[in-house]
Amino acid sequence: MSVLSTVATLTASRTGRAEPLTTVRHQHLDEKPFVLVPLTLAGEACAPLAALAGTDPEHPTLLTVRQPRNRAERFRFAERLAALLLAYIDGCRTETEPYTVGRGKEKEERLRCRRAPQLLVPNGEGISYVRLLGRLTRLRATEGPYAVDQSVPTLGKWLTWFADLAEFPDSGVLLAMTRLLAANWATGQSSSEDSHLASLLAWIDPPEGSDGARAAREAEDPAVWPPAGPSTDPVFDRTLHELMTRYDEASDGRGREAVGRQIDRELSGQMLPTWRLMWRGVELLRELPEGAHVPGRWALDRRWFSEYAEYLEADGRPQARRDQAVRAARRLARLEDAVTRYEAQRAYDDPLVMAEYELTGEAFTGTVTARDGDRFIPGERPGSQVWRPTITLRTGTDVRVDLAVGTEVKSPARPGQEARILEVRREDDGGHAVVLQLKGGFARKRTPPAPPGTLAEAGEELTYTTLNPTAMPSALPDEENTPWTHGGPPQSYEPTDEDAEETWE
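Given the structure is predicted, the values throughout are model-derived calculations rather than measurements.

## Describing the packing of aromatic side chains
- Per the counting criterion, the structure on display carries eleven aromatic pairs.
- A centroid spacing of 5.6 Å and a plane angle of 45° characterise the contact between Trp-158 and Phe-305, whose relative ring orientation is tilted. One end of the pair, Trp-158, is in helix H4 (residues 151-166); the other, Phe-305, is in helix H10 (residues 294-314), with 147 residues separating them in the sequence.
- For Phe-305, a relative accessible area of 0% gives the class buried.
- Note on Trp-161 and Phe-305: the rings are 6.1 Å apart at their centroids and 55° apart in plane angle, and the pair reads as tilted. In this pair, Trp-161 sits in helix H4 while Phe-305 sits in helix H10, placing the two residues 144 residues apart along the sequence.

This is the structure in structure tokens:
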């Protein structure tokens, strides 16, 4: 936990109300996200018990499995979920837009969907459920002794795609509501308590006349606020066990159907409070303005979505059971790049996030006190001169400047203008004078005067940091040139009959 987060947590604990950690929302929220509230059978990691799903807050679709130990009922649940989710995914592919990739001679025009699906689940365990359900359904065969409906493996491929992207912080296709809320507000409780959706929302949005601490204590009552799943409350498990026993022992179909409807009502009652909390969370998050880099990240999500949909149409093979060494290495590199880029973009978009880096000395803010707009220095060619203006920033006495001379920095106010620290002087009053050499960002001019607005004016307050939101990703060799230490050129995955026999557990 960072220093500012700790201070915010202590402040929330003292005031009884959640404190903001951000000034903007750093994740895209679709106009019609697909909300999924799943429940599983106690004691089994992925045995589907029930789910509330859909894009309409007022009309969720209830999916139940009245006897989760029955394999046929499990796959019937998967079929019904596929009918909902695949229709939602297809709806995102109705409109496309052109975009350009590459530069120079390698420039290429492509099409991507204007929308991408967005799946919201209550918590991190919900993401694990999506991953496991995807793994257990994507490899199923549609012919032979273990045949399932065609929609089941298709559902599994898409769930696996959602779960794979959920690991990337810059992706918004699969998000957990507790993580979204905790990223924007600090409560007066522990981070593990923040994983309880009702308790977390009680701090952020307490009922009128109450405060967060009191509302959070009341939200711990499972009779009023059942667990957000996928695990169920132990007391409810006993009720469910009795109903399922009666369901199995019913003497005729009419009696079994009556008990089945009672099971449906009990399961719906367990999920409806969480369903309402999910949409209340969506409302609260929508009240936050969107960060400047969010549309760009969502455009990348739309591109991944478009490319995967085209792949399924052209090839259709599911993701392999396990990543090969080459694929794992490339995925790890992508993940590291995404984390670095996402953290930098958050800081550029949000002064509260940037303040964290100022406390650690990775950024500083100061006021421009002087500038030299006509400065030239020797170029690389003998006798040549290049235009490199300088500005001097004066920091406050409480600002920490730990960056060394020669460090490359950038300013969120002028991200296209490179800067290098030429000098850092400690002033008598404890403040710092930082001299910066500037390059680029002058509307392509190579000689003075600088176009209006491109060179900072005296009195202007600027922040500089080592963070770079446009850093290029790591360069890796092509797959055919992969060193033998990483397994050599990878072989394409081919599903086997053994895959379809994988047990659902």
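## Some thoughts on the sheet that holds strand S3 (residues 48-54)
- Read from one edge of the open sheet, five strands run S4-S3-S2-S7-S8, paired in mixed fashion. Edge positions in the sheet fall to strand S4 (61-64) and strand S8 (174-176), since each has one partner strand and no second. If you compare each strand with its neighbour and ignore which way they point, the axes differ by 20° on average.
- Across four bridges, S3 lies against S4 in antiparallel orientation.

## Re the side chain of Thr-160
- Here Thr-160 lies in helix H4.
- Taking the relative accessible area as the measure of exposure, Thr-160 reaches 7% and is therefore buried.
- When sequence neighbours within four positions are dropped, the list of residues in contact with Thr-160 reads Gly-134, Arg-135, Arg-138 and Gln-319.

## Re the environment of Pro-412
- With respect to the helices and strands, the residue Pro-412 is situated in the loop between strand S14 (408-411) and strand S15 (414-426).
- Each C-alpha atom of the pair Pro-412 and Arg-297 lies 17 Å from the other, and the pair is 115 residues apart in sequence.

## Details of the domain arrangement of the protein
- For the protein, the assigned domains read domain 1 (3-321) and domain 2 (362-465).
- A separation of 47 Å is found between the C-alpha centroids of domain 1 and domain 2.

## Regarding the packing of helix H1 (residues 3-15) against helix H12 (residues 351-359)
- Here H1 crosses H12 at 120°, and the two axes come no closer than 9 Å. Regarding the angle of H1 to H12, the classification is oblique. The residues of H12 that touch H1, namely those facing Val-3, Leu-4 and Ser-5, are Leu-352, Ala-355, Glu-356 and Leu-359.
- Looking at the contact of H1 with H12 residue by residue, the classes come out as five nonpolar, one polar and one charged.

## Side note on a nonpolar patch on the surface
- On the surface, Val-3, Val-7 and Leu-359 cluster together into a nonpolar patch covering about 250 Å² of accessible area.
- Tracing the backbone through its elements, the reader meets Val-7 in helix H1.

## Considering the environment of Arg-426
- By secondary structure assignment, the location of Arg-426 is in strand S15.
- A residue is classified by how much of its surface remains accessible, and Arg-426, at 60% relative accessible area, is exposed.
- Measuring from C-alpha to C-alpha, the distance between Arg-426 and Arg-394 comes to 10.0 Å, with 32 residues separating the pair along the chain.
- Ignoring sequence-local partners within four residues, the contact set of Arg-426 consists of Gly-431 and His-432.
- A polar contact is formed between the side chain of Arg-426 and the side chain of His-432, at a distance of 3.3 Å.

## Here we look at helix H2 (residues 71-91)
- Over its 21 residues, H2 extends 30 Å from the first C-alpha to the last, a length consistent with the 30 Å expected when each residue adds 1.5 Å.
- Along H2, the positions that sit buried rather than exposed are Arg-74, Phe-75, Phe-77, Ala-78, Leu-81, Ala-82, Leu-85, Leu-86, Tyr-88 and Ile-89.
- Sitting at the head of H2, Asn-70 places a side-chain oxygen 2.8 Å from the backbone nitrogen of Ala-72.

## What to know about the nonpolar core
- Core analysis: the biggest nonpolar cluster contains 45 residues, and Leu-36, Leu-85, Val-130, Trp-158, Trp-161, Phe-162 and Phe-305 have the highest contact counts within it.
- Sorting the residues of this core by element identifies strand S2 (34-40), S3, H2, strand S7 (119-121), helix H3 (124-137), H4, S8 and H10 as the ones contributing at least two each.
- Ranked by residue count, the leading element in this core is H2, at nine residues.
- Leu-36 has contacts with Ala-51, Leu-52, Ala-53, Leu-81, Leu-119, Leu-120, Val-121, Pro-122 and Val-130, leaving out every residue within four places of it along the chain.

So, how was this worked out
- Residues numbered from 1 in each chain as written.
- Predicted model: local features only at pLDDT ≥ 70, side-chain atom pairs only at ≥ 80, totals over all residues.
- Heavy atoms only, no water.
- Phe/Tyr/Trp six-rings, centres within 6.5 Å; stacked < 30°, edge-to-face > 60°.
- Helix = DSSP H or I, 4+ residues; strand = E, 2+ residues; numbered from the N terminus.
- Buried < 20%, exposed > 50% of the residue type's maximum accessible area, 1.4 Å probe, protein only.
- Pairing = 2+ DSSP bridges.
- Axes fitted to C-alpha atoms, helices over the stretch in contact; angles between N-to-C directions.
- Contact = heavy atoms within 4.5 Å.
- Domains from an automatic or database assignment.
- Parallel < 35°, antiparallel > 145°, perpendicular 65-115°, else oblique.
- Nonpolar A, V, L, I, M, F, W, Y, C, P; charged D, E, K, R; others polar.
- Patch = residues over 30% accessible without salt bridge, like charges linked within 9 Å, V, L, I, M, F, W, Y side chains within 5 Å.
- Areas by Shrake-Rupley, 256 points an atom, 1.4 Å probe, with all protein chains shown as cover.
- Salt bridge = Lys/Arg side-chain N within 4 Å of Asp/Glu carboxyl O.
- Polar contact = N/O pair within 3.5 Å; in protein donor to acceptor, adjacent residues only side chain to side chain.
- Expected span 1.5 Å × (residues − 1).
- Core = buried A, V, L, I, M, F, W, Y, C linked by side-chain atoms within 4.5 Å.

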